[in-house]
Amino acid sequence: MAGLKAAVIGCGAIAQNCHLLGYQKSKACDLIAAVDPCEARRKEAEKIFGVPRTYSTAEALFENEQPDVVSICTPNRFHAAQAILALEHGCHVLCEKPLCLTLADARRIQKARDKAGTIFMTAFTHRLFRGNITAKKILDKGEIGKPFMIRVRFAHEGPQPGWAMSDWFYNPDLAGGGAMLDMGIHAIDLAHYYIGPITSISATIKTLVKKIRVEDNAVLLLEFEQNCLGYIEVGWTSKPGFAGVEIYGTEGTIIFDYLKGLSVLRGKTSPDGTVKTSWRVADKHPTQGGWEVEIDYFLRHVRKGIQPEASLEAGIQGLAVALAAYKSAQTGKRVKI
Ligand SMILES: NC(=O)c1ccc[n+]([C@@H]2O[C@H](COP(=O)([O-])OP(=O)(O)OC[C@H]3O[C@@H](n4cnc5c(N)ncnc54)[C@H](O)[C@@H]3O)[C@@H](O)[C@H]2O)c1
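Residues numbered from 1 in each chain as written. Predicted model: local features only at pLDDT ≥ 70, side-chain atom pairs only at ≥ 80, totals over all residues. Heavy atoms only, no water.

Q: Quick question: what am I supposed to make of the domain arrangement of the chain here?
A: Often the size quoted for an interface is simply the accessible area lost on bringing the parts together. Taken domain by domain, the chain holds domain 1 (4-118) and domain 2 (126-289 + 319-336). Of note, the centres of domain 1 and domain 2, computed from C-alpha atoms alone, are 28 Å apart. At the interface, 18 residues of domain 1 touch 15 residues of domain 2. Between domain 1 and domain 2, roughly 1,300 Å² of surface is buried when both sides are summed, and carbon and sulfur atoms account for 71% of that area. Applying the counting criterion to the domain 1 and domain 2 interface returns one salt bridge. Applying the counting criterion to the domain 1 and domain 2 interface returns five residue pairs in polar contact (both at pLDDT 80 or more). With four residues, helix α1 (residues 13-25) is the single largest residue contributor to the side of domain 1 that touches domain 2. Looking at the side of domain 1 that touches domain 2 residue by residue, the classes come out as nine nonpolar, five polar and four charged. (Domains from an automatic or database assignment. Contact = heavy atoms within 4.5 Å. Buried area = accessible area lost by both parts, 1.4 Å probe. Salt bridge = Lys/Arg side-chain N within 4 Å of Asp/Glu carboxyl O. Polar contact = N/O pair within 3.5 Å; in protein donor to acceptor, adjacent residues only side chain to side chain. Helix = DSSP H or I, 4+ residues; strand = E, 2+ residues; numbered from the N terminus. Nonpolar A, V, L, I, M, F, W, Y, C, P; charged D, E, K, R; others polar.)

Have a look at this one:
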């Protein structure tokens, strides 16, 4: 017995690519059980990941097992109730993003976490890419001076077909939103990670291409507590294009292009058009990390008894901005956070 007992609720794409895989590989825990209402997913959990016991509901899991750590990998609508159930059973929780769908539910999770006194992580995977960790260190050391602008773009062709193993992503009741909530929440979290609190937002959120009931594209304009602006573009309709983060500072620029690498640019562009630039590759393997390291990162924090940076509070902060973006898009007004 390795110590911690782990269980996974929801055995679809993210569970199989990150959570079930991570717990199966980890020497710090035993993967004792998993939950999914779909029999095919339960069989996969058993056959591919060697899960000894599976259940069709979270309630049945807790009636029969006493896990120490639980991952919530279900459609967004179920996160709040399942996270609270796990906390009420004294578990440490790794909850997929978005944390939940309302701030009232977020506060209920917070209350349950405070009562349980356990570790809670929101699955903000992008914080765990080497490129973002390196870029944050470069920013904090002052290599690009004071940041005044951040741009984050995350876009792909959408969760279905190709990714999700069930059809909830395009169902507003289960998902709570579309590309803005799914991809935008990662981008908003990175904006917080790099620059700090966002004070106001205006957003345009549209369904431009897909025949679906949730949005497939969004553009957000951000103002930060520190003197900095930001813009975020996310979408579910993009053939390959730029994906990543650019941070512009008074002394230079950080560009983390997820396809091409992480670079720091310094130099001078003169009004006559002459450009003198020094270009430094800051990390040769910036997209290492992410899902590969997420479970170890979570378990390390559980063992040490320290709340991770990708905390419950980070999940709440991200959700508050995402909800404000929807409000802005609906009202056509800038929304204070
Ligand atoms: N961190 C990341 O990078 C990342 C990437 C993809 C998805 N996600 C998040 O992971 C979550 C799941 O997404 P996915 O892509 O794995 O979807 P998916 O459709 O592939 O898997 C969801 C699974 O949950 C199961 N399920 C549905 N209702 C359930 C319930 N009440 N109890 C238990 N299981 C239930 C479904 O049968 C399905 O197997 C979402 O919140 C999504 O936003 C995060």
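Q: Would you mind showing me how to read the pairing of strand β12 (residues 253-257) here?
A: Sheet faces and side chains relate simply in a regular strand, where the side chains alternate between the two faces. Taking burial as the measure, the five residues of β12 include four buried ones, the bulk of the element. In terms of strand pairing, strand β11 (residues 244-249) meets β12 through five bridges, oriented antiparallel. What sits directly across from Glu-246, in β12, is Ile-255. Once β11 ends, the chain turns through three residues before running back antiparallel as β12. Bridge count for β12 against strand β13 (residues 261-269) is five bridges, and the pairing is antiparallel. Each bridged residue has a counterpart across the sheet, and for Ile-254 the counterpart in β13 is Val-264. Taking the residues between adjacent antiparallel strands as the criterion, β12 and β13 are bridged by three residues. (Buried < 20%, exposed > 50% of the residue type's maximum accessible area, 1.4 Å probe, protein only. Pairing = 2+ DSSP bridges.)

Q: Hey, could you run me through the sheet that holds β13 in this one?
A: Hydrogen bonds between backbone atoms are what pair the strands of a sheet, whose relative direction is either parallel or antiparallel. The strand order β14-β13-β12-β11-β7-β10-β9-β8-β15 describes an open sheet built from nine strands, whose pairing is mixed. The sheet terminates laterally at β14 (275-283) and β15 (335-336), the two strands that pair on one side only. Inspection of the sheet shows strand β8 (residues 198-206) paired to β15 by two bridges, in the antiparallel sense. Of the residues in β15, the one forming a bridge with Ser-200 is Lys-336. Of the strands in this sheet, β7 (147-155), β11, β12, β13 and β14 touch helix α6 (residues 130-141), which is tilted by about 125 degrees from β14. Its contacts with the sheet place helix α11 (residues 312-331) against β8, β9 (217-224) and β15, and it is angled at close to 55 degrees to β8. (Axes fitted to C-alpha atoms, helices over the stretch in contact; angles between N-to-C directions.)

Q: Explanation requested: the site of the ligand in the structure shown.
A: Around the ligand, a shell composed of 28 residues is seen, among which Asp-36, Asn-76, Trp-163, Met-165 and Ser-166 lie nearest. A distance of 2.7 Å is found between an oxygen atom of the ligand and a backbone nitrogen or oxygen belonging to Met-165. In isolation the ligand exposes 850 Å². Once the protein is present, 91% of that is buried. Contributing elements (two or more residues each) for the shell around the ligand: α1 and α4 (79-88). Looking at side-chain class alone, the shell around the ligand contains 15 nonpolar, nine polar and four charged residues. Split by domain, the residues of the shell around the ligand number at least three in each of domain 1 (4-118) and domain 2 (126-289 + 319-336). (Near = heavy atom within 4 Å. Areas by Shrake-Rupley, 256 points an atom, 1.4 Å probe, with all protein chains shown as cover.)

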